Amino acid sequence: QVQFVESGGGLVQPGGSLRLSCAASGFTFSNSAMSWYRQAPGKERELVAGISAISRRTKYADSVKDRFTISRDNAKNTVYLQMNSLKPEDTAVYYCNAVNGISWIRLYDYWGQGTQVTVSS
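Residue numbers run consecutively from 1 along every chain, following the written order of its sequence. For this predicted model, a pLDDT threshold of at least 70 governs which residues receive local features, and a threshold of 80 or more governs which side-chain atom pairs are given and counted, while totals over whole chains, interfaces and linings are taken from all residues. Side-chain numbers come from the whole structure's heavy atoms, not from hydrogens or water.

Structural notes on the side chain of Ser52
Here's step 1: In this fold, Ser52 is placed in the loop between strand S5 (46-51) and strand S6 (58-60).
Here's step 2: You can call Ser52 buried: its relative accessible area is 6%.
Here's step 3: Polar contact is the term for a pair of N or O atoms within 3.5 Å; when the atoms are in protein, one must be able to donate a hydrogen and the other to accept it, and sequence-neighboring residues count only if both atoms are side-chain atoms. One polar contact links the side chain of Ser52 to the main-chain amide nitrogen of Arg57, over a distance of 2.8 Å.
Here's step 4: Contacts were defined at the residue level, with two residues in contact if any of their heavy atoms lie within 4.5 Å. Excluding residues within four positions of it along the chain, Ser52 makes contact with Ala33, Arg57, Arg72 and Trp104. Labels follow the DSSP assignment, with helices taken as runs of H or I lasting at least four residues and strands as runs of E lasting at least two, numbered in each case from the N terminus. Between buried and exposed lies partly exposed: a residue is buried under 20% and exposed over 50% of the maximum accessible area for its type, with that area taken using a 1.4 Å probe on protein chains only.

Okay, here's the thing in structure tokens:
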């Protein structure tokens, strides 16, 4: 079955950096576009960044452009999110999922446990 295991979150001061990882299984990772999402308390889950399967084309929410970088390692079935210049408004639980590489619509209803990112002084 499809599985996503997110890791790498933590508490960081404003301006700091974190690198998130998501190990995926249960589908053909190398053929699948992948995305990172986040959900802050009381808010809807939102797409943060996406990366296509082959061309490595990327997509970012305006709020994280030029600060976050998504990447992938198909040999490890893992997608990463490098987060720099973190702000308190980046505080959320971060999740990954496979997506349609054209529409960026999520493919699976299953969500992993997520990883908590807290940006605070």
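Considering the pairing of strand S3 (residues 18-25)
Here's step 1: Strand pairing is assigned whenever DSSP detects at least two bridges linking the two strands. The sheet contact formed by strand S1 (residues 3-7) and S3 spans five bridges and is antiparallel. In the sheet register, Val5 faces S3, and the bridge partner there is Ala23.
Here's step 2: Note that S3 and strand S8 (residues 78-83) share six bridges and pair antiparallel. When the sheet's bridge partners are listed, Leu18 is paired in S8 with Met83.

Distances and angles like these do not, on their own, reveal function.
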